[in-house]
Amino acid sequence: MTADRLYLYGIAIAEPDDLGTGIAGAPLRAVTGVEGMTAVVHEHDGGPFQGADADVERWVVEHSTVVEQVWRSVGTVLPASFNVIVAPTVQVTARQRLLDWLTSHADPLRARLAALQGRVELRVEIGLDNHLVAENHPEVVAARSELEGRSPGVQRLLHKRLDHLERDITAATARDRYADYLQRLEGASEDLDENLRARPEPGTALVLSVSLLVPADSVDEVGLVLAAVQDEEPAARIRFLGPWPPYSFADVLGLSPLLAGDSGDDQAG
């Protein structure tokens, strides 16, 4: 089968120095349009990558590795989501179609790349430990005292009640802390995107889960904010990840739906 489609990794302002390989060892190619606007792709002869969870996880990691290599090479990149595939039309090859898109959308692409130049994405998740938050609460202290001298069966019931009580108290505390922690992180970043589908770690209540856009030289400022939160709240459980390319702030496809195709036969990804 002839490779008539292009799998897209991202858009950069210049061609990376060393392209190498992408998903499943596919050789990477650069499709360069006006003023150096470059799409990093591999030639693709099928549909979206689908398979067992372990395979998909490996492909996603390989996709992300390419994006990070481009990011390090040229300084900024608009990452494409996993499984974005540019298909040809009856009249136009996938390569020409992508070139046309790069040309017609050069201004917004260039503006977005300029806005992200020198910026990185950080991901922050703050939770509260159920036991530590609630351990000195009067209702919890009273519930623990009820355990003394009770039969094993009654103790099991009381322990369940105690667990529910600790979760409720911690959830209420998390809601109270949300606005404060969010404001602090907004003050330490240029942009913020909330992950509203995040779930708490076992034994914790989630306060917030966010992605932050910050200048590369300001990462430590976010770290100082989180250190202050930890000092003030020993029950805080903080995850601080990155720096990464600005995945959450690129929105390549959001700039134009034409990239993925304008009919059912042509759509990709």
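The residue count restarts for each chain, going from 1 along the sequence in the order it is written. Only residues with pLDDT of at least 70 get local features here, since the model is predicted, and only at 80 or more are side-chain atom pairs given and counted; chain-wide, interface and lining totals rely on the full set of residues. Excluded from the side-chain calculation are hydrogens and water; included are all heavy atoms of the structure.

Trainee: Would you mind showing me how to read the overall build of the protein here?
Mentor: Only runs of H or I of at least four residues qualify as helices and only runs of E of at least two qualify as strands under DSSP, and these elements are numbered from the N terminus. Along the backbone of the protein there are eight helices and nine strands. Throughout this description, buried means an accessible area under 20% of the type-specific maximum (1.4 Å probe, protein chains only), exposed means over 50%, and partly exposed covers the range between. The 269 residues of the protein split such that 42% are buried. Considering only residue pairs separated by 6 or more positions, the protein has 75% of its internal contacts joining residues 24 or more positions apart. Only the protein chains shown count as cover for residues, and all accessible areas are computed by the Shrake-Rupley method using a 1.4 Å probe. Surface accessibility of the protein: about 14,000 Å² in total, with carbon and sulfur atoms responsible for 50%. Should any heavy atoms of two residues lie within 4.5 Å, those residues are considered in contact.

Trainee: Could you clarify how one ought to interpret the pattern of salt bridges in this entry?
Mentor: Note on definitions: salt bridges are taken to be side-chain nitrogens of Lys or Arg within 4 Å of carboxyl oxygens of Asp or Glu. The final tally for this structure, using the stated rule, is ten salt bridges. A salt bridge links Arg-237 to Asp-129, with the shortest nitrogen-to-oxygen separation between them at 3.9 Å. Residue Arg-237 is found in strand β9 (residues 236-244), and its partner Asp-129 is found in strand β6 (residues 119-129); the two are separated by 108 residues along the sequence. The partly exposed category is assigned to Arg-237, whose relative accessible area is 35%. Note that Arg-177 is salt-bridged to Glu-233, the shortest N-O span being 2.6 Å. Placement of Arg-177 in helix α6 (residues 152-187) and of Glu-233 in the loop between α7 (219-232) and β9 is noted, with a sequence separation of 56 residues between them.

Trainee: Which parts of the structure should I look at to understand the packing of aromatic side chains?
Mentor: What describes a pair of aromatic rings is the distance from one ring centre to the other and the angle between the planes of the rings. We call Phe, Tyr and Trp rings a pair once their centres come within 6.5 Å, taking the six-membered ring for Trp, and we label the pair stacked below 30 degrees between planes, edge-to-face above 60, and tilted otherwise. Under the counting rule described, the total for this entry stands at four aromatic pairs. Summarising the aromatic geometry, the rings of Phe-49 and Trp-59 are spaced 5.2 Å apart at their centres and angled 45 degrees between planes, so their arrangement reads as tilted. Taken together, the positions of Phe-49 in the loop between β3 (38-44) and α1 (53-74) and Trp-59 in helix α1 put the pair ten residues apart, joining distant regions of the chain. Pair check on accessibility: Phe-49 and Trp-59 agree, each one buried.

Trainee: Honestly, unusual backbone geometry in this entry has me stumped. Any pointers?
Mentor: The phi torsion of most residues other than glycine is negative, and most of the peptide bonds are trans. Cis peptide bonds are those with omega within 30 degrees of zero, and the linkage from Gly-242 to Pro-243 qualifies with 5 degrees. Following the sequence through the fold, Pro-243 ends up in strand β9. Here the phi dihedral of Asn-83 falls at roughly 75 degrees; this positive angle occurs in a residue that is not glycine. Secondary-structure assignment places Asn-83 in the loop between β4 (78-79) and β5 (85-86). Among the residues examined, Asn-83 registers a relative accessible area of 9% and is labelled buried.

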